[in-house]
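Now for the letters of each chain:
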Amino acid sequence: MSIKEIKRLIRLMSDDEFLGLPKIIDMQNKAVPLLQKILMDSQQAHFIHQRALICLGEIGADAGFDTASSYLSSPDPVFRIAAARAIVKIHPDKAADLLIDNLDDEDISACNVKIQCLAASGQTKAKPVLNKLKRNSEDPFIRKSVSLALKHLSQEGQT
């Protein structure tokens, strides 16, 4: 793993439109350890870390799952959102269990994304958890989000 390769990935993630994403995805498993190295570098810009998590999800390699899931408990909701999206793309089954354990997010946007990712995982175990959350949540936004997620799960069950 060379510094030159890491710098190349950072350049690909640095433009405003994130046009380098397809090139990073094309690298497949070769990019995963480089992305992990970038995520460990605290000197990197916030948006580079976010984009590295996005790349892990888009690549979908098993090796990126643990790295992405470790960001579910990040103090930053942007990272929690990126992590939720990434893990459901990598391993929907494992992601469902982690998301179920992390639905109590204090950030409304992160909680919403986790609910939608849980529904996207298509796991039947998600339905009872979502029903309970819908009954117990005092937040109308969360209840609406859960309703949409349950609708998605019901539609998935019909196909």
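Residues numbered from 1 in each chain as written. Predicted model: local features only at pLDDT ≥ 70, side-chain atom pairs only at ≥ 80, totals over all residues. Heavy atoms only, no water.

## Things to note about the nonpolar core
(1) Moving on: Core analysis: the biggest nonpolar cluster contains 53 residues, and L9, M13, I24, L35 and L130 have the highest contact counts within it.
(2) Moving on: Looking at this core, the element that brings in the most residues is helix α6 (residues 77–90), giving nine residues.
(3) Moving on: Ignoring sequence-local partners within four residues, the contact set of L35 consists of L9, M13, I24, A52, C55, L56 and I59. (Core = buried A, V, L, I, M, F, W, Y, C linked by side-chain atoms within 4.5 Å. Buried < 20%, exposed > 50% of the residue type's maximum accessible area, 1.4 Å probe, protein only. Helix = DSSP H or I, 4+ residues; strand = E, 2+ residues; numbered from the N terminus. Contact = heavy atoms within 4.5 Å.)

## With respect to the state of the cysteines
(1) Moving on: This model, assessed by the stated rule, comprises zero disulfides.
(2) Moving on: For the unlinked cysteine C55, the closest cysteine sulfur is that of C117, found at 16 Å.
(3) Moving on: Classification of C55 as buried rests on a relative accessible area of 0%.
(4) Moving on: You can see C117 has no disulfide; the closest cysteine sulfur is in C111, sitting 11 Å from it.
(5) Moving on: When its relative accessible area of 7% is taken as the criterion, C117 is described as buried. (Disulfide = S-S within 2.5 Å.)

## Description of the environment of E5
(1) Moving on: Locating E5 in the fold gives a position in helix α1 (residues 3–14).
(2) Moving on: On the accessibility criterion, E5 (27% relative accessible area) is partly exposed.
(3) Moving on: Through-space distance from the C-alpha of E5 to that of S69 is 24 Å; in sequence the pair is 64 residues apart.
(4) Moving on: In contact with E5, other than residues within four places in its own chain, are K30 and L34.
(5) Moving on: A distance of 3.0 Å separates a polar atom in the side chain of E5 from the backbone nitrogen of S2. (Polar contact = N/O pair within 3.5 Å; in protein donor to acceptor, adjacent residues only side chain to side chain.)

## Quick notes on the pattern of salt bridges
(1) Moving on: A full pass over the atoms with the stated rule returns six salt bridges.
(2) Moving on: Measuring nitrogen to oxygen at the nearest pair gives 2.6 Å for the salt bridge that ties R80 to D105. Of this pair, R80 sits in helix α6 while D105 sits in the loop between α7 (92–101) and α8 (108–120), and the two are 25 residues apart along the sequence. Like D105, R80 is buried.
(3) Moving on: Across the pair K114 and D105 runs a salt bridge, and its minimum N-O distance is 2.8 Å. (Salt bridge = Lys/Arg side-chain N within 4 Å of Asp/Glu carboxyl O.)

## Points about the side chain of S121
(1) Moving on: Position of S121 among the secondary structure elements: in the loop between α8 and α9 (126–136).
(2) Moving on: When its relative accessible area of 8% is taken as the criterion, S121 is described as buried.
(3) Moving on: Those residues in contact with S121 that lie beyond four places of it in its chain are V88, P92 and A96.

## Some details on a positive patch on the surface
(1) Moving on: Together, K4, K7, R8, R11 and K23 make up a positively charged patch on the protein surface.
(2) Moving on: Element by element, the count of residues in the positive patch is highest for α1, at four residues. (Patch = residues over 30% accessible without salt bridge, like charges linked within 9 Å, V, L, I, M, F, W, Y side chains within 5 Å. Areas by Shrake-Rupley, 256 points an atom, 1.4 Å probe, with all protein chains shown as cover. Lys, Arg positive; Asp, Glu negative; His and termini not counted. Charge placed at Lys NZ, Arg CZ, Asp CG, Glu CD.)

## As for the packing of α1 against helix α3 (residues 31–40)
(1) Moving on: The interhelical angle for the contact between α1 and α3, taken along N-to-C directions, is 80 degrees, at an axis separation of 10 Å. Here α3 runs roughly perpendicular to α1, going by the angle between their axes. Two secondary-structure elements touch here, α1 through E5, I6, L9, I10 and M13 and α3 through A31, L34, L35, K37 and I38.
(2) Moving on: In terms of residue class, the contact of α1 with α3 is made up of eight nonpolar, no polar and two charged. (Axes fitted to C-alpha atoms, helices over the stretch in contact; angles between N-to-C directions. Parallel < 35°, antiparallel > 145°, perpendicular 65-115°, else oblique. Nonpolar A, V, L, I, M, F, W, Y, C, P; charged D, E, K, R; others polar.)

## Overview of the packing of α1 against helix α4 (residues 46–59)
(1) Moving on: Where α1 meets α4, the axes come as close as 10 Å, and the angle between the chain directions of the two elements is 95 degrees. Here α1 is positioned roughly perpendicular relative to α4, judged by the angle of their axes. Residues I10, M13 and S14 of α1 pack against F47, I48, R51, A52 and C55 of α4.
(2) Moving on: Residues that form the contact of α1 with α4 fall into these classes: six nonpolar, one polar and one charged.

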